[in-house]
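Tertiary structure, described
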Amino acid sequence: MMAQDMGRQGGTGPGAERGTGAAPGLFVPEHDMLRAQLRRFVKEEITPHAARWEEEGAVPRSLLRRMGELGFLGMRISPEHGGSGMDERASVILAEELGRSTFSGVAITVLVHTDMASVHVTNAGTAAQRARYMPGIVDGSCITAVGITEPAAGSDVKGLRSTARRDGDGFILDGAKTFITNGVLADLYCIAARTDPDAPPGRGMTMFLLEKGMPGFTVSKALDKHGWRSSDTAELSFDGVRLPVSSVLGEEGRGFYEIMKNFQNERLVLGAMCLGEAQAALDLTLEHLRTRSAFGAPLWDKQAIRQRLAMLSARVEAGRQMVYATAARAAAGEPVVREVSMIKAYWGELVNEVMYDCLQFHGGMGFMRGSVIERMARDARVQSIGGGASEVMLEEVAKRL
């Protein structure tokens, strides 16, 4: 369906003024058409309206439904369930183009649904679970969230304390989750809880599917954030939530491994999102430097400024090639845990360096609320924290050197 849609819309390459810059063979014409369609969608459907969503604190359901209609939400889902059956390269393109929008709150709202939450249903769901939820996941009527982080357990997944104890033919869930993206908006939640408190760390953990409105399950607090203002984030509370056995997602006691399995895709996607953010900031800043004068000449004429921007551009290009190449290797079934950990650490830090310099080159205007670069700098700060802090990622790399 998506390929047909893209074919009808044409598509003459990667999109607007900049191509992918990818080595030959990493992408095919279908990916170029996808990129062109996404770039056009961002320009027409997101950029003109997203400032209002920043004020409202959430992305409207109408946008998500529209993305579902166009096939953007089901790209990684099999045609059997209404998706396009594409691979990691499609997710990278989606994340990069959403990152280029300059509204990262919108980007993360979509990407949590497509590549961080619903994938648990794709990877581990039973036939009945997939039949029930996949149509809504694809068309945008069933938005998803994933609940792993807790007040005392973030990057340390093994430290989570929410429990789901056996009770007759089901489970009783108690505990809390925090910093949950789409926490208010979602209809379906993939929640991790400890089902065997005596098991060693990494075992005895299970994933469950919860629907909004279940007795004992509440959104206890909507959180106010430094950045990603158009992304709703919440604390969740579970007080004696009764769950049937049919709500178990995957194999009981194997939840930790399911989480780890998708972390690779999540971190690759976050790297691609950072890539889009960084490139947009560089493009924006280059335009500013060429039109803003100081001491009788454009800022671009200052050698120190030119060279700093040139070096940042070189590092962004290097990171681009690693993201693209790793996506292609992952799509081919190769193990890329080390490379994905490198990408998450590299991009989490680099996107913040890019924003720091780009804001600096905007001068006082870059510090003003309402300027694009000010918003982008706030949004980028979390990239070295969420999805695996840089320090944790570097330890994952070090273990594999």
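Note that the structure is predicted; figures quoted are calculated from it, not measured.

So, how was this worked out
Residues numbered from 1 in each chain as written. Predicted model: local features only at pLDDT ≥ 70, side-chain atom pairs only at ≥ 80, totals over all residues. Heavy atoms only, no water. Core = buried A, V, L, I, M, F, W, Y, C linked by side-chain atoms within 4.5 Å. Buried < 20%, exposed > 50% of the residue type's maximum accessible area, 1.4 Å probe, protein only. Helix = DSSP H or I, 4+ residues; strand = E, 2+ residues; numbered from the N terminus. pLDDT = per-residue confidence, 0-100. Contact = heavy atoms within 4.5 Å.

This part covers the nonpolar core. Among the nonpolar cores identified, the biggest contains 95 residues, and I46, W347 and V354 are the most heavily contacted of them. Of the residues forming this core, the biggest block, 15 residues, is contributed by helix 8 (residues 255–291). With 19 residues, the next largest nonpolar core counts A164, Y189, I191 and L236 among its residues.

A few words now on unusual backbone geometry. Look at N182: it is not a glycine, yet its phi comes out positive at around 70°. Its place among the elements puts N182 in the loop between strand 3 (170–181) and strand 4 (188–194). For N182, a relative accessible area of 0% translates into the label buried. Positive phi, normally seen in glycine, also occurs at F295, with a value near 55°. Inspection of the secondary structure assignment puts F295 in the loop between strand 9 (293–294) and strand 10 (297–298). By relative accessible area, F295 is classed as exposed at 83%.

Attention now goes to the confidence of the model for the chain. Taken residue by residue, the chain gives an average pLDDT of 92. The fraction at 70 or more is 94%. Residue range residues 1–18 is modelled with pLDDT below 50. Its contacts to residues more than four positions away, or to other chains, number 40 contacts.

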